[in-house]
Amino acid sequence: MSIDAAGLTISAVRRGLQEKRFSACELAKEALRFAERENPKTNAYLHFCPERALEAARRVDEALARGEHPGPLGGVPVAVKDVIVARGVRNTCGSRLLANYIPPYDATAVIRLEQAGGVILGKTNCDEFAMGSSTENSAFGPVRNPAALDRVPGGSSGGSAAVVAQGTAVVSLGSDTGGSIRQPAAFCGVVGVTPTYGRVSRYGLVAFASSLDHIGPFARNVSDAAGLLKVIAGRDEMDSTSAFAPVPDYHAAMSGEVRGLKIGLPKEYYAGLASETGDQIMKAVEVLNRLGCQVVDISLPHTEYAISAYYIICTAEASSNLARYDGVRYTIRSSCSETLTDMYRSTRGEGFGAECKRRIMLGTYVLSHGYYDAYYLKAQKVRSLITRDFQQAFQQVDAIVTPVSPFPAFKLGEKLSDPLEMYLSDIYTITGDLAGIPCMSLPCGTTANGLPIGMQILTKHFDEAGMFRLAHAYEQAAG
Ligand code: GLN
C-alpha cells in the first residue's frame, strides 16, 4: 500500500476507503508520519495528537466493517487551529501564557468534525490569541509559507492555511476576526471560508473579539470547503449567538447556474493594488464574465473607515476577553511576585507578547470613562454604516468580488517593526467581518515569481450557498 497523503481531497479519501486501497487507520498513520516529517520546513503544526487521531480512525474502520456510512468526513485527516479546544489536547493559542493549558472539553466544531468521521491530526500554529496578519506573533516561532519559505503564510490562521497548502492535512479549521482565514488562504494558495456570523458555533473557540470571531474551513478546493462547513455549521445550544437558520446542502447548491448573476466590483477596493494582484483579479473577473455573469461597478462608501473601526472594536473586546488570563486560572503563574496584584502584573507581563499588550492597552483606553463615546460608540456606529453599505449593495447585485489583500505574501520580518503597516494588510477583509456576511478567498493565479493571489467573494447574510456556487463555477472554468 502506498498513500500519497499530500495530494488527497475529501472525495479521494472516500474513494480510497470504498475501494479498500487503505483503511482509515493506515491513512491516519501515514498522514501523521508525513506531517511529522514535513512540519520542520514550515512550523505549521504546534503539536500532534496521534492517539486521538488513531482512535477516530479506528471508529471509522469499525463503521465501515459494519457496513455503515463512515460520515461525510470519514477518515479525512484534519488540522485544527490552536485556538479551538479539543479535550485533553494542549491548547496554547500561540501564547507563552497558555503553554501548558490542557482543555477539559471539546469545541462544538471539534465534536461535529469527529462525529462526521474526521481524524484530527494536531493543532496548528497561529498569531498569539489570533492577533496578527503574518503568524509571526506566535510565541512558538513563525510559520513559513509553503509556496515560498522565506515568506509569511499570512495570519492569524497561518498554520491552518499552510498545512493544507503543504499537504500535511486535507482540510483544516481556522478562525477569522478581521481576515485571519481569507488572508492566509490567499497567501498560501488555498480556499478559505469565513461563514456568516452565527453560522458556526463559537463554543470552544478561545475568544479574541466575540462580536467578530468566526470559525471556518480551509481546503484545497471549493467542494471540500463546502463539505467541511456543512458538517460544522448549524445551531448549537452552547452558543447563544449561533443561528437557527437551516443549513442547506451546499454541494447541491454548488452545481447551480451562474449565468445572469450580477457581480459587483466596489470601486473602493480596486485603488492601490499591487499591479500583479490587480491584473490577476481582473482576469478572474473576465472568467466570470465569460460564464455569463453581469459585472457592474458599485460603491461601498464607508470602506475607508473600516480599519479604524475594527481596531477600536476588536481591541475593546480583546481587553475584556483577555482579562481572564491572570495566573490564577488556566495559565502559567509568574514566580517573582509577593502580593496578589504583583502576581497578576508579572504573570501578564511575562506571558503576553508585544501585540497582545498593545491591544489590551488600546482596548482598555477606548473603553475608559470619558473616551467610550468618542471611540467605542463611534466605531459601533461606523460598523452599522458599513453593514448598511453591504445591504444596499446586495439589493443591486448577487455577489461582490474583490481582492483579498493589496499584495501577495511578504517576506518574514518585513512588516514586523511597523504595526500600522501590518494592520493595513487587512483592508479588504475586515469589512466582511464587521458586517457579519459570508466571504471567502479563492486562488486566482500567481505572480510571476509564483506567489499565490486570492480573490474574495462576498454574499449576503446566510447565502453561503450562492457564494460556493459562484466560487465552484470559477474554479471549474479556470481549471
Ligand atoms: N489581522 C487581523 C488582526 O490582527 C485579523 C486577525 C483575525 O482575523 N483573527 O486583528
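The structure reproduced in this document is the subject of the present report. (Residues numbered from 1 in each chain as written. Predicted model: local features only at pLDDT ≥ 70, side-chain atom pairs only at ≥ 80, totals over all residues. Heavy atoms only, no water.)

### Description of the pattern of salt bridges
Taken as a whole and judged by the stated rule, the model has 20 salt bridges. Taking the shortest distance from any N to any O, the salt bridge between Asp176 and Arg182 comes out at 3.0 Å. The exposure class assigned to Asp176 is buried, which follows from its relative accessible area of 0%. A salt bridge links Glu355 to Arg359, with the shortest nitrogen-to-oxygen separation between them at 2.7 Å. One end of the pair is Glu355 and the other is Arg359, both in helix H12 (residues 354-367) and four residues apart, which spans about a single turn. (Salt bridge = Lys/Arg side-chain N within 4 Å of Asp/Glu carboxyl O. Buried < 20%, exposed > 50% of the residue type's maximum accessible area, 1.4 Å probe, protein only. Helix = DSSP H or I, 4+ residues; strand = E, 2+ residues; numbered from the N terminus.)

### Concerning the site of the ligand
Taken together, 15 residues lie around the ligand, and Thr177, Gly178, Ser180, Tyr310 and Arg359 are the ones closest in. Interatomic distance of 2.8 Å between a backbone N/O atom of Gly132 and a nitrogen atom of the ligand. At 2.7 Å from an oxygen atom of the ligand is found a side-chain nitrogen or oxygen belonging to Arg359. Contact with the protein chains hides 100% of the accessible area of the ligand, taken as 290 Å² for the molecule alone. (Near = heavy atom within 4 Å. Polar contact = N/O pair within 3.5 Å; in protein donor to acceptor, adjacent residues only side chain to side chain. Areas by Shrake-Rupley, 256 points an atom, 1.4 Å probe, with all protein chains shown as cover.)

### Section: the side chain of Arg359
For Arg359, a relative accessible area of 2% gives the class buried. Within the structure, Arg359 has its side chain in polar contact with the side chain of Glu355 (distance 2.7 Å). Arg359 has contacts with Met131, Gly132, Phe208, Tyr311, Cys314, Thr315 and Tyr423, leaving out every residue within four places of it along the chain. (Contact = heavy atoms within 4.5 Å.)

### Considerations on the nonpolar core
Ranked by size, the top nonpolar core spans 146 residues in total, and within it Phe129, Phe390, Met440, Phe468 and Leu470 carry the most contacts. Here this core gets 10 residues from one element, more than from any other, and that element is helix H10 (residues 306-321). Excluding its chain neighbours within four sequence positions, the residues that come into contact with Phe129 are Cys93, Ser95, Leu98, Val206, Phe208, Leu322, Tyr325, Phe352 and Cys356. Val152, Ala409, Phe410 and Met422 belong to the second-largest nonpolar core, a separate cluster that totals five residues. (Core = buried A, V, L, I, M, F, W, Y, C linked by side-chain atoms within 4.5 Å.)

### A look at the state of the cysteines
Counting across every chain of the model gives zero disulfides. In this structure Cys49 is a free cysteine whose sulfur lies 14 Å from that of Cys25, the closest cysteine sulfur available. Looking at the unpaired Cys444, the closest cysteine sulfur is the one in Cys188, lying at 15 Å. Residue Cys444 is classed as buried on the basis of its relative accessible area of 3%. (Disulfide = S-S within 2.5 Å.)

### Brief notes about the sheet that holds strand E3 (residues 119-124)
Spatially, 11 strands are ordered E1-E3-E2-E4-E6-E5-E10-E11-E9-E7-E8 in an open sheet, and the strand pairing comes out mixed. Two strands in the sheet have a free side with no partner beyond their single neighbour: strand E1 (45-48) and strand E8 (294-298). Here the strands of the sheet are splayed against their neighbours by 30° on average, with no regard to which way each runs. For strand E7 (residues 262-266) and E8, the ladder comprises five bridges, and the chain directions are parallel. If you follow Gly264 over to E8, its bridge partner there is Val296. Strand contacts of helix H3 (residues 50-65): E1 and E3, with the helix running at about 155° to E3, the strand carrying the most contacts. This element, helix H13 (residues 373-396), spans E7, E8, strand E9 (399-403) and strand E11 (452-458) of the sheet and lies at about 120° to E9. (Pairing = 2+ DSSP bridges. Axes fitted to C-alpha atoms, helices over the stretch in contact; angles between N-to-C directions.)

On their own, these measurements won't tell you what the molecule is for.
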